[in-house]
Amino acid sequence: MKCSKCGSDAILFQNYSGMHLCENHFIADFESRAKKAIRKYRWISQGDRIAVAMSGGKDSGALLHFLTKVFGERRDTGIIAISIDEGIQGYRDIEAVRHIAESYNVPFHSASFKDSYGFTLDDIVERQGDRISCSRCGVLRRHLLNKTARELGATKIALGFNLDDEAQSVLMNALRGDAVTLTRRQVMREGFVPRIRPFINLPEREVALYATLNVEGFVEVGCPYSKNALRADVREILNIYNYRHPSTKYALVNLGEELKTPAEDNRTEPGICPGCGEPSFGECQACRIVKEMKR
Ligand code: SF4
């Protein structure tokens, strides 16, 4: 197949746009859509210090490449990389993540559940079973990422979430009947580092292709607990449905954004967790997990 724009050999067919793209036009299209999302949501402004949350996988590797390419030369914007080590045997390879960050000359920092909370995710699973692994992991990872980023002076946390992740989140919240999460906007509070997701409109396979073309040394090991996640089921269902109806993921992400827009969050007071001082309305979920583990 030939590129719909220049007639060179194509490396990708976008079934939702009907276009075949060569490597150069794919990269240009990819980066322009990520920039468009940043402009639309006004995610990055002068003086920002962006902390890229890095797992070492394709999504965060692609994000680091993109952000350093677009903002790396700008004197008014700084980029750092942060990796959270959950303590999952054989999964998180902090040295591989450090290597990727350093190959882009980006300062690298890591923090671990073990050092911060006194236990690992494997300890939680050993004590409480593996069905709750992802919910506990998500709470503690977000908590520690926010704390670490803030302490390093970051003004934004950049996440490598792609279109598939976002669409899955909307569907998962609907399937759980979780109207609060579905309609809640990101609320600015003291101590909370706003999160940005430049790849929100880019399909997972295109992020993977962008990473393959540009990033060396990203890690492809899957988490041993991922099979327990509701997300794994939703991902499968959504991929089957999307194959027949290629705009479905975009429709879900748009729906998620629409639902958030009109909802008024009236909790505007600065909330601080009495246990750890992190932003929260009352005791935060991370402190509850720590208490459970100490019992
Ligand atoms: Fe954590 Fe679940 Fe992701 Fe594993 S799959 S890293 S347990 S959230």
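The model shown is predicted, which means the values in this text are computed figures rather than measured ones.

About the cut-offs
Residues numbered from 1 in each chain as written. Predicted model: local features only at pLDDT ≥ 70, side-chain atom pairs only at ≥ 80, totals over all residues. Heavy atoms only, no water. Helix = DSSP H or I, 4+ residues; strand = E, 2+ residues; numbered from the N terminus. Near = heavy atom within 4 Å. Nonpolar A, V, L, I, M, F, W, Y, C, P; charged D, E, K, R; others polar. Expected span 1.5 Å × (residues − 1). Buried < 20%, exposed > 50% of the residue type's maximum accessible area, 1.4 Å probe, protein only. Core = buried A, V, L, I, M, F, W, Y, C linked by side-chain atoms within 4.5 Å. Domains from an automatic or database assignment. Salt bridge = Lys/Arg side-chain N within 4 Å of Asp/Glu carboxyl O.

Draft legend 1. Representation of the environment of R75 within the structure. Of note, R75 is situated in the loop between helix 2 (58–71) and strand 4 (78–85). Taking the C-alpha atoms as reference points, R75 and Q46, 29 residues apart in sequence, are found 9.2 Å from one another.

Draft legend 2. The arrangement of the site of the ligand in detail. In the region of the ligand, the neighbouring residues are Y91, L121, C134, C137, R141, C223, Y225 and S226. Of all the elements, helix 6 (residues 133–151) adds the most residues to the shell around the ligand, at three residues. Counted by class, the shell around the ligand contains six nonpolar, one polar and one charged residues.

Draft legend 3. Region of the structure containing helix 2. The first and last C-alpha atoms of helix 2 sit 20 Å apart over 14 residues, in line with the 20 Å expected at 1.5 Å per residue. Buried within helix 2 are the following residues: D59, S60, G61, A62, L63, L64, H65, F66, L67, T68 and F71.

Draft legend 4. A look at the nonpolar core. Among the nonpolar cores identified, the biggest contains 49 residues, and F26, I44, V52, L64, L67 and F199 are the most heavily contacted of them. Here this core spans two domains, and each of domain 1 (1–42) and domain 2 (46–294) adds at least three residues to it. If you look at the next biggest cluster of nonpolar residues, it comprises 33 residues, including I157, V193, C223 and V290.

Draft legend 5. Expanded view of the environment of D115. With respect to the secondary-structure elements, D115 resides in helix 4 (residues 113–117). Relative accessible area serves as the criterion here: at 70%, D115 is assigned to the exposed category. Residues D115 and R141, 26 residues apart in the sequence, show an inter-C-alpha distance of 13 Å.

Draft legend 6. Representation of the pattern of salt bridges within the structure. Inspection of the entire model under this criterion finds 19 salt bridges. Among the salt bridges present, the one from E31 reaches K69, with a minimum N-O distance of 2.9 Å. Placement of the pair is E31 in helix 1 (residues 23–40) and K69 in helix 2, with a sequence separation of 38 residues. The class of E31 is buried, set by a relative accessible area of 8%. Across the pair K58 and E204 runs a salt bridge whose closest N-O atoms are separated by 3.5 Å. In this pair, K58 is assigned in helix 2 and E204 in helix 9 (residues 204–214), connecting sequence segments 146 residues apart. One continuous salt-bridge network, built from bridges that share partners, spans K58, D59, E204 and R235.

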